[in-house]
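Okay, here's what each chain looks like letter by letter:
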Amino acid sequence: MSVKKISFPYYKVKKGENLKIISKKFNVDSTKILLDNNLSPKQIKEGILIKIQK
């Protein structure tokens, strides 16, 4: 029996990361990240969980 890796749709923002860095890291449009999470760019801070869908 093989073990499948389940993708977790949330990402915890690390220290020093901002919206631009996260959007490049996951190759997702920054506007899509904001709309999916109902956030403004200033609310993306260290420690919050954001949903990332491709």
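Right above here is the structure, for reference.
Residues numbered from 1 in each chain as written. Predicted model: local features only at pLDDT ≥ 70, side-chain atom pairs only at ≥ 80, totals over all residues. Heavy atoms only, no water.

Attention now moves to the nonpolar core. Core analysis: the largest hydrophobic core is formed by 10 residues, namely Tyr11, Val13, Leu19, Ile22, Val28, Ile33, Leu34, Ile44, Ile50 and Ile52. At the level of elements, helix H1 (19-26) and helix H2 (30-37) are the ones that each hand at least two residues to this core. Not counting chain neighbours up to four residues away, the residues in contact with leucine 34 comprise Leu19, Leu39, Ser40, Pro41 and Ile44. (Core = buried A, V, L, I, M, F, W, Y, C linked by side-chain atoms within 4.5 Å. Buried < 20%, exposed > 50% of the residue type's maximum accessible area, 1.4 Å probe, protein only. Helix = DSSP H or I, 4+ residues; strand = E, 2+ residues; numbered from the N terminus. Contact = heavy atoms within 4.5 Å.)

Examined against the element boundaries, tyrosine 11 turns out to sit in strand S1 (residues 10-12). Counting along the chain gives 27 residues from tyrosine 11 to asparagine 38, while the straight-line C-alpha distance between them is 15 Å. Sequence-distant contacts of tyrosine 11, defined by excluding residues within four places in its chain, comprise Glu17, Ile22, Lys25, Phe26, Ile48, Leu49, Ile50 and Ile52. At 2.9 Å, the side chain of tyrosine 11 and the side chain of lysine 25 are in polar contact. (Polar contact = N/O pair within 3.5 Å; in protein donor to acceptor, adjacent residues only side chain to side chain.)

All right, on to H1 then. The set of residues buried in H1 consists of Leu19, Ile22 and Ser23. Each buried residue of H1 lies within a common arc of 100° when the element is viewed along its axis, so the set occupies one face. Away from the buried face of H1 by more than 90 degrees, exposed residues Lys20 and Lys24 are located. On its buried side, H1 packs onto S1, H2 and strand S2 (49-51). Here H1 starts with a cap whose side-chain oxygen sits 3.2 Å from the backbone nitrogen of lysine 20, and that cap is asparagine 18. Of the residues flanking the end of H1, it is asparagine 27, one or two places downstream, whose phi is positive at about 55°. (Arc of directions from axis to C-beta.)

Below, the discussion takes up H2. Along an α-helix, residues three or four positions apart point the same way, because every turn accommodates 3.6 residues. Along H2, the residues that are buried comprise Ile33, Leu34 and Asn37. In an axial view of H2, the angular spread of the buried residues amounts to 95°, which keeps them on one side of the axis. Buried positions along H2 lie against H1 and S2. Just beyond H2, the residue with positive phi is asparagine 38, at close to 55°.

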